[in-house]
Amino acid sequence: MGSPLTRRQWLSVGALGAGLTLSQYLRLQAAAPGKPVLRSAIFIFLEGGPSHQDTFDLKPDAPAAVRGEFNPIRTNVSGVQICEHLPMLAQRADKYAILRGVSHNLADHGIGKKYLLTGNKPSQTVSYPEYGSIVSRQFPSAADLPTYVSIDESFVGPGYLGSQYSPLTAEKPRHGFPYKVRGVSLEEGLTVAKFTRQKKLLDDLDVAFRGFDDLDDQVRGLDRFSEQAYDIISSRRTRLAFDLSQEKRSEIDRFGKHEFGQTLLLAARLIEAGVHFVTVRLRPAEFDFDTHAENFPKLRTLLPPLDRGFAGLLDRLQDRGRLDSTAIFMTGEFGRTPTVNGGGGRDHWARAMCALMAGGAIQGGQVVGESDSQAAEPAGQAYSPDDLAASFFHNLGIDPRTEFQTNVGRPIMLVRDGTPIAPLFSV
Amino acid sequence: MMKYLLGLMMSVASVVAAAPPPVVPSANRRFQDRETRVVPDFQRHVVPLLGRLGCNSAKCHGSFQGQADFRLSLFGFDFAADHAALVAEATTEEGMRISADAPEQSLILLKATAQIDHEGGQRFKPGSWEHHLLLRWIESGAKGVEAQAVASTEVVQQTQFSPQGIRFFEQKIEPLFEKNCYECHGFNNRKGNLQLKTRELLLAGGDSGPAITPGDPEGSLLVQAVRHRSPDLRMPPQRKLADGQIADLEAWVRMGAPWRSRPVASAAIEAKVLVQLHCEPQEILFSAAGDSRAIRVVAQWEDGRHEDVTCLTRFRSNDDAVVTIDAKGLAHAVGPGDTHIVAFYDNGVLAIPVLRPYSKNQSVVSLPENVNPVDRLVLGKLSKLGLRPSALCDDAEFLRRVSIDVTGTLPAPDEVTAFLMDDAADKRERKINELLNRPAYAAWWTNKLCDFTGCSPSAFGEQTVLEVGHGYSTQWYDWIHRRVASNMPYDQLVAGIVLAQSRGPDQSREDYATEMSSYVRQESPADFSLRKTMPHYWTRATVSEAKDKALAFAHSFLGIQLQCAECHKHPFDKWTQSDFSDFTRFFEDLTARGRMGFPAFAAAQRGKIVNWPELSVGKGADKTLGLLRSGQVTIAAGEDPRAVLMKWMREQDNPWFARAFVNRVWAGYFHVGIVEPPDQFTPANPPSNPQLLDWLTRGFLDSAYDMKWLHRQITRSATYQRSWKPNATNRQDRRNFSRAIPRRIPAEVIYDAMKQATAATEQLDAVRANLKRRASGHLSMRMAGTHAMKVFGKPARAINCDCERVNEPTLLQAIFVQNDPLVRMRLADSGWIIQIEEAVAAGRAVGEKELVKQVWLRTVNRLPDEDEIARAVKHLASVDSIVEGVTDLMWAMLNTKEFLLNH
């Protein structure tokens, strides 16, 4: 960036509410010339609380009422077994780490979700930000792209960081339908040409503060964001990033025709285009792991798309050389009860659960932590959601002890009670 | 009134001048010499020194986990715990933290001087006064704060349990609860309304009654439940506890259910009392960058001792762009403006005003006799700063601004033209009065009061269906609305919330059920807002614990933030944990009984009579409590502690109640409050113009809490009516109201304004007046949490902070206004544009200039100038149809800064 910056370039520094000044931005870019400074991340949240002992933490030796109906199968990592309904992931176990013996005590959907989506126990006095908002704040995208995209709507939001770190919300892709991103997709016959005509008219008429553009933050901010919004909405790059019809048939098939798989494909496309963070959280109506009744029949339909979609994501990122620069974290809000209930279901259980991490510096092909013989409690070292969050941030190159200020001037550590789980990163 | 906030520096200064007491020289002089025989004091010297050195900060040993296994209380003030930690043997290192035999070899000295490895680096040099001070303290016996025999209910309550009992609880019972029970009955979770987080909550019990009867395992529900003998009462429901665990619980109940003493700072009771801090100079006036000035701080203790504590004081500048301050108390001028330097020592906080004028032009403007005192007080400050105020704004700008601020509504096109045509000198005055009498005024300011009091549909429990929450919160809104509309005095309105009762003293349960059900039935419902009091403030699930009530109350009605003091000494205020725990006890006898679920609520909507939760005010016991350092009050058993609070708030010299409201109303008309943030009344955050806040508060009290008096007094001032356009002196001023600062219009106003701008002409009045369909009216609750409201920062009303409402512009807002389906829909379905379309189709003439004028009147509420008309008409000619052109114009104007800002 040796040439002088145009006003337009200045305006487009930092996306999604970047708080960076130009000089900070340039410093960040200069920090490691030639190397990508930033890591991107995909956070996958399985709504409802997936059964840990029926997916990645099977207990074949437990009594039938605990063991359930599924059998373990071998994976391509010796000594590691997972559920028989995850055969594709079994063939790729060297690419991810399984965290067992994760444990907390908030077995209610509302607060349990808040806990796992932020890495901090929910509090009455502080609203903690979700992961993507932190990344949005620390690693703003520099171009005509959003930094942080959430598919579907986010549950927690940017908390104490402020609404400028909210995600752009994209609807989940539906096969055969055009993509839709609220506020970004051009609908009802609106074309880029027509939109551009309107924007030109706006520039022509927005005269009241002319000559006072740098008077106050509010005036300056409106100008800057107006330009950026236009760039994103009219951007070919953004439109293409969201447009799954650009994908080859074979890629579509690789992720599976299910919404979950297609959403992961969209997430991969966005990361490849330069978006820094994608949260995937399908609504429970579509992908619901809250199996209070008929746990096993439900999982027989839920696990195949999970298997294929997640395997597709790993393969795709690997093929495109992105796996090393993309931190992946998949979890739900809690696990499920050790004993199968009268309705063939399992209820909420937070004392033991599991999670998956991959990409970046994560050492794949290992199981970290374990649960007891009933999958009821951690056996040995227990890991908390705070530890998961700290590990995720660590993988992203963000110090989990980074301190932020809330609006009341209270210093707050990104993850107060967690530390990165060392074995995840050991070689 | 101001003696509370400013007294520290003003009134006391004169006392000092009258009889200068002998002042003990500062520690850096007295401990300069290694051979000194002076004995340092733990509270006066050691703890403040550790604070100034940063040892007890959150990043170091003040962290709740401690650091390297050494933990100090965050920001000090738990003298007993800090002393115990210092004299304890270090567990991670060789040797003693403090060595009586070889003081020089004490770990705390070797570490802090970095003679051995210390993650925190060198905090002071060997041989420095800091080193000598700590060394002398160790040599002289390393004494802590001496215990004094002070009777306190807290202490008495805690000594009921033997150390063995407490240990039993900590080792056996608490982990058992943690592991097996808290999932459902712990943090934020209260199945069957039962929580097991404190002994009091166990005794209070849940839906089935008290969980334990101390001393009687057989009579304790908890013991029965864990035995799994009755099919209806099995806890935990999934798995029976081990026999040993059940036996532990039985033994524990038999012992009387001992509980760990609460981490109340008992040390505060024993601590020496700091009367106040004095400083020299009391005010700093800089004239150029690079000027500097040394600050000296003297502590005055209750025992009469005065000591120079400058070297033991933490300093902070409230605005580094104006002044910076170093650790030694030397202030350096940076840029023009005004701010404060704040000094912290022990639990004293002292703010020192610092001012550097923007220009030399400090001429005093001669003011007419009848000048609005608001203007007199603001201009007084401006002249000190060498700031000239901007000119008055023009009529169109005034009308738009005052309509948004008073009624949350844009002026109607006809209203604008009529106002511009009006030649009368008093037209602004008349407009203000007219606006204050509109229902939209009541709606908008009710919406604000709902912000302050936390009226949220989701506040009634995680599991409660939103429909029930909407029912409650709409009643809450309506109740306040009726009172704002009738201009009920503010103190009476608040008393109706603070002293609220669910069931009247003579009301039977049946009558109560009938009454409450009647408010929600679909067929001719009774009017909840006619109820004398509004108890939902207390019965919402988010304030079920006494401490949550205390935090919410302090925020809603006093404008202060106490949450820091829940766990540690407040870093910017005098509040300690014992202040907080005393305040919490005012609310410990208030409980919401029962819960409203959706089935019952729906039945009531269909006309059935169902049972409703109610607020119960327990009898309690006699207690004497400290009331936020405003003195001790005694509450007799059976007396409602809320009445004591309300009486205190109504005292004329209450430091917060009226003042907090006055300040919040001011903040509603400007970009900031006189105290900013408005809910942070602390000595470290003084008002930018104390005389102004004083005068308005006095006037508000003299008017008997007349809210409209306050609105009128502010809006009729020249200060409120100034242009945003800066002059040569005041471009940088954002603190002293020398000009208007453009502000993004609030979420609800934007939503309603877009609807109004695109409405069919004959629909305009209805769109403006139908409060049931307004985002600042009934939709305020329905729309909470929707995409549009979140994007524009409408508060969720979930935490106790005015900062929840966000007015910063963001990228998502720009994306929203440019292309959100909601905005596109407003344009596509615009009744006004459809009228134009129909007129064109019918071959009727549509004057292009007239259309352009209408677009401007509807959006930026002024007439376009000739140049604007020319550009707009040119655009209309350039597109295929007039409808397309007008749509473009409307879209463009909705996206202008002039529309999005209140200026």
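Parameters and conventions
Note that residues are indexed from 1 along each chain, following the sequence as it is written. Labels follow written order: the first chain is A, the first ligand is 1, and so on. Local features in this predicted model are restricted to residues whose pLDDT is 70 or higher, and side-chain atom pairs enter the listing and the counts only when it is 80 or higher, whereas totals over whole chains, interfaces and linings include all residues. The secondary structure listing takes helices from DSSP runs of H or I that are at least 4 residues long and strands from runs of E that are at least 2 residues long, numbered from the N terminus. Partly exposed residues are those falling between the two cut-offs: more than 12 but fewer than 20 other C-beta atoms within 10 Å of their own, whereas 20 or more means buried and 12 or fewer means exposed, with C-beta atoms placed from the backbone. Two residues qualify as being in contact provided that their C-beta atoms, derived from the backbone, are within 7 Å of each other. All the domain ranges listed were derived from an automatic or database domain assignment. Strand pairing is assigned whenever DSSP identifies at least 2 bridges connecting the two strands. Think of it as three bins: nonpolar holds Ala, Val, Leu, Ile, Met, Phe, Trp, Tyr, Cys and Pro, charged holds Asp, Glu, Lys and Arg, and polar takes everything else, Gly as well. Working convention: axes come from line fits to C-alpha atoms, limited for helices to the stretch in contact. Angles between N-to-C directions cover 0 to 180 degrees. Convention used here: angles under 35 degrees read as roughly parallel, angles over 145 as roughly antiparallel, angles from 65 to 115 as roughly perpendicular, and any remaining angle as oblique. Two helices crossing with the near one rotated counterclockwise from the far one by less than a right angle form a left-handed crossing, whereas a clockwise rotation gives a right-handed crossing. The term nonpolar core means buried Ala, Val, Leu, Ile, Met, Phe, Trp, Tyr and Cys residues held together as one set by C-beta atoms within 7 Å. The predictor reports its confidence for every residue as pLDDT, a score running from 0 up to 100.

**Q** Just to check I follow, could you spell out the overall build of chain B for this structure?
**A** When its secondary structure is counted, chain B shows 42 helices and 17 strands. Oriented by its inertia axes, the alpha-carbon framework of chain B measures out at about 105 × 80 × 50 Å. Residues counted as buried form 47% of the 903 residues belonging to chain B. Of all intrachain contacts in chain B linking residues separated by at least 6 positions in sequence, the fraction that spans at least 24 positions is 65%.

**Q** For this particular structure, what's the right way to read the overall build of chain A?
**A** Helices and strands together make up the secondary structure of chain A, namely 13 helices and 16 strands. In chain A, which comprises 427 residues, the share counted as buried stands at 55%. For chain A, long-range pairs separated by at least 24 residues make up 72% of all intrachain contacts whose partners lie at least 6 apart in sequence.

**Q** In this structure, what is going on with the domain arrangement of chain B? I would like to understand it.
**A** Reports often express the size of an interface as the amount of accessible area lost when the parts come together. Examined at the domain level, chain B breaks down into domain 1 (4–18 + 273–356), domain 2 (31–139), domain 3 (162–254), domain 4 (449–558 + 561–650) and domain 5 (747–791 + 809–902). One C-alpha centre belongs to domain 2 of chain B, the other to domain 5 of chain B; they are set 66 Å apart.

**Q** Explain the pairing of strand S8 (residues 326–331) of chain A to me, please; I cannot follow it from the model alone.
**A** As a general feature of sheets, a regular strand has side chains that alternate between the two faces. Residue and element names in this part refer to chain A. Most of S8 is tucked away, with six of its six residues classed as buried. What you see with S8 is no split at all: Thr326, Ile328 and Met330 on one side and Ala327, Phe329 and Thr331 on the other are buried throughout. Bridge count for strand S1 (residues 40–45) against S8 is six bridges, and the pairing is parallel. Directly across from Ile44, in S8, lies its bridge partner Met330. In this sheet, strand S11 (residues 353–358) lies alongside S8 in antiparallel orientation, the contact comprising three bridges. Residue Met330 lies in a different strand from S11, and its bridge partner there is Leu356.

**Q** So what exactly am I meant to see when it comes to the interface of chain B and chain A here?
**A** Contacts between the two partners involve 60 residues from chain B and, on the opposite side, 53 residues from chain A. When residues in the side of chain B that touches chain A are grouped by element, the largest group, eight residues, is from helix H36 (residues 811–819) of chain B. In terms of residue class, the side of chain B that touches chain A is made up of 28 nonpolar, 18 polar and 14 charged.

**Q** What am I meant to see in the packing of helix H39 (residues 848–859) of chain B against helix H41 (residues 882–894) of chain B here?
**A** Angle between the axes and distance between the axes are the two parameters that describe a pair of packed helices. Residues and elements named next belong to chain B. Close contact between H39 and H41 brings their axes to 10 Å; oriented N to C, the two are set at 30°. Taken as axis vectors, H39 and H41 run roughly parallel relative to one another. In the packing of H39 onto H41, the handedness of the crossing is right-handed. Between H39, through Leu851, Val852, Val855, Trp856 and Thr859, and H41, the contact on the second element is made entirely by Val886, Leu889, Met890, Met893 and Leu894.

**Q** Would you mind showing me how to read the sheet that holds strand S7 (residues 277–280) of chain A here?
**A** Backbone-to-backbone hydrogen bonds join strands into a sheet, with any given pair of strands oriented parallel or antiparallel. Residue and element names in this part refer to chain A. Sheet architecture is open: eight strands sit in the order S6-S5-S7-S1-S8-S11-S4-S12, paired in mixed fashion. Sheet topology places strand S6 (168–170) and strand S12 (366–368) at the edges, where each strand pairs with a single neighbour. The mean inter-strand angle of the sheet, taken between neighbouring strand axes irrespective of direction, is 20°. Strands in contact with helix H6 (residues 131–138) are S1, strand S5 (148–151) and S7; relative to S5, the strand with the most contacts, it is inclined by about 165°.

**Q** Even after reading the chapter, I still don't get the nonpolar core, so can you show me in this structure?
**A** Among soluble globular proteins, nonpolar side chains are generally buried collectively. Counting residues in each nonpolar core, the largest one holds 250 residues, and the members touching the most others are A:Leu99, A:Ala267, A:Val278, A:Met357 and B:Met893. In terms of residues, this core owes the most to one element, helix H12 (residues 295–319) of chain A, which gives nine residues. Two domains share this core, each providing at least three of its residues, namely domain 4 (449–558 + 561–650) and domain 5 (747–791 + 809–902) of chain B. Beyond its immediate stretch of four places on either side in the chain, A:Met357 contacts A:Tyr96, A:Ala97, A:Leu99, A:Ile328, A:Phe329, A:Ile362, A:Ser391 and A:Leu424. If you look at the next biggest cluster of nonpolar residues, it comprises 58 residues, including B:Ile98, B:Leu134, B:Ala142 and B:Cys311.

**Q** Is there a simple way to think about the pairing of strand S15 (residues 632–635) of chain B in this case?
**A** Residues and elements named next belong to chain B. Examined bridge by bridge, strand S14 (residues 623–626) and S15 share four bridges and lie antiparallel to one another. What sits directly across from Gly626, in S15, is Gln632. From the end of S14 to the start of S15, which pair antiparallel, there are five residues, and Leu628 there has a positive phi angle of about 45°.

**Q** Any chance you could explain the packing of helix H16 (residues 395–407) of chain B against helix H17 (residues 413–421) of chain B here in plain terms?
**A** All names here are of chain B. Direction vectors running N to C along H16 and H17 enclose 135°, while the axes themselves pass 10 Å from each other. Considered as vectors, H16 and H17 are oriented oblique to each other. Seen along the crossing, H16 lies across H17 with a hand that is right-handed. Residues Asp395, Ala396 and Leu399 of H16 pack against Val416, Phe419 and Leu420 of H17. The class makeup of the residues in the contact of H16 with H17 is five nonpolar, no polar and one charged.

**Q** Looking at this model, I keep getting lost on helix H7 (residues 129–139) of chain B. Mind explaining?
**A** Each full turn of the α-helix corresponds to 3.6 residues, which orients residues three or four apart in the same direction. Residue and element names in this part refer to chain B. The buried count for H7 comes to nine of 11 residues, which makes it a mostly enclosed element. The complete set of buried residues in H7 reads Trp129, Glu130, His132, Leu133, Leu134, Leu135, Arg136, Trp137 and Ile138. Buried residues along H7 sit against helix H3 (27–30), helix H4 (42–52) and helix H6 (107–112). Two residues or fewer past H7, Gly141 is found with a positive phi of approximately 110°.

**Q** Can you walk me through H4(B) in this structure?
**A** Residues and elements named next belong to chain B. With 11 of its 11 residues buried, H4 lies for the most part within the structure. Residues Phe42, Gln43, Arg44, His45, Val46, Val47, Pro48, Leu49, Leu50, Gly51 and Arg52 constitute the buried set of H4. Buried residues belonging to H4 abut H3, helix H5 (79–87), H7, strand S7 (314–317) and strand S10 (337–345).

**Q** It is not clear to me how the environment of B:Ser616 should be interpreted in this structure. Could you clarify?
**A** Residue and element names in this part refer to chain B. Tracing the sequence through the fold places Ser616 in strand S13 (residues 614–617). Along the chain, Ser616 and Ser502 lie 114 residues apart, while their C-alpha atoms are 7.8 Å from each other. Look past the residues within four positions of Ser616 in its chain and what remains in contact with it is Thr591 and Arg593.

**Q** Looking at this structure, I do not really get the sheet that holds strand S1 (residues 23–24) of chain B. What am I missing?
**A** The strand order across the open sheet built from four strands is S1-S6-S5-S2 (chain B), with neighbouring strands paired in mixed fashion. Among the strands making up the open sheet, the edge pair consists of S1 and strand S2 (274–280) of chain B.

**Q** Just checking my understanding: could you explain the confidence of the model for chain B for this structure?
**A** Detailed reading of the predicted coordinates is not advisable wherever pLDDT is low. Residue and element names in this part refer to chain B. Of all residues in chain B, 92% have pLDDT values of 70 or greater, and the mean over the chain is 89. For the stretch residues 148–159, pLDDT sits under 50, and the model shows eight contacts to residues farther than four places along the chain or on other chains. Segment residues 263–269: pLDDT under 50, and 21 contacts once partners within four positions in sequence are set aside and those in other chains are kept. With pTM at 0.80, the complex prediction returns an ipTM value of 0.80.

**Q** Would you mind going over unusual backbone geometry with me for this structure?
**A** Peptide bonds are trans in most cases, and residues, glycine excluded, mostly fall at negative phi. Cis geometry is found at the peptide bond from A:Ile151 to A:Asp152, where omega equals -15°. Residues B:Glu280 and B:Pro281 are joined by a peptide bond in cis, for which omega reads 0°. With respect to the helices and strands, the residue B:Pro281 is situated in the loop between S2 and strand S3 (284–285). Within the chain, A:Glu294 stands out as a residue other than glycine whose phi angle is a positive 50°. Checked against the element boundaries, A:Glu294 lands in the loop between S7 and H12.

**Q** Is there a simple way to think about the environment of B:Gly885 in this case?
**A** Looking at where B:Gly885 falls in the secondary structure, it is placed in helix H41. When the 23 C-beta atoms within 10 Å are taken as the criterion, B:Gly885 is described as buried.

**Q** What is the right way to look at the confidence of the model for chain A in this model?
**A** Taken over all residues, the pLDDT of chain A has a mean of 86, while the share at 70 or more is 89%. With pLDDT under 50 throughout, residues 1–37 of chain A is counted as low confidence; its partners more than four residues away or in other chains account for 50 contacts.

**Q** Can you walk me through the environment of B:Glu614 in this structure?
**A** Residue and element names in this part refer to chain B. Here Glu614 shows up in strand S13. You can call Glu614 partly exposed: it has 19 C-beta atoms within 10 Å. Aside from chain neighbours lying at most four places away, what touches Glu614 is Ser502, Arg503, Tyr512, Arg593 and Gly594.

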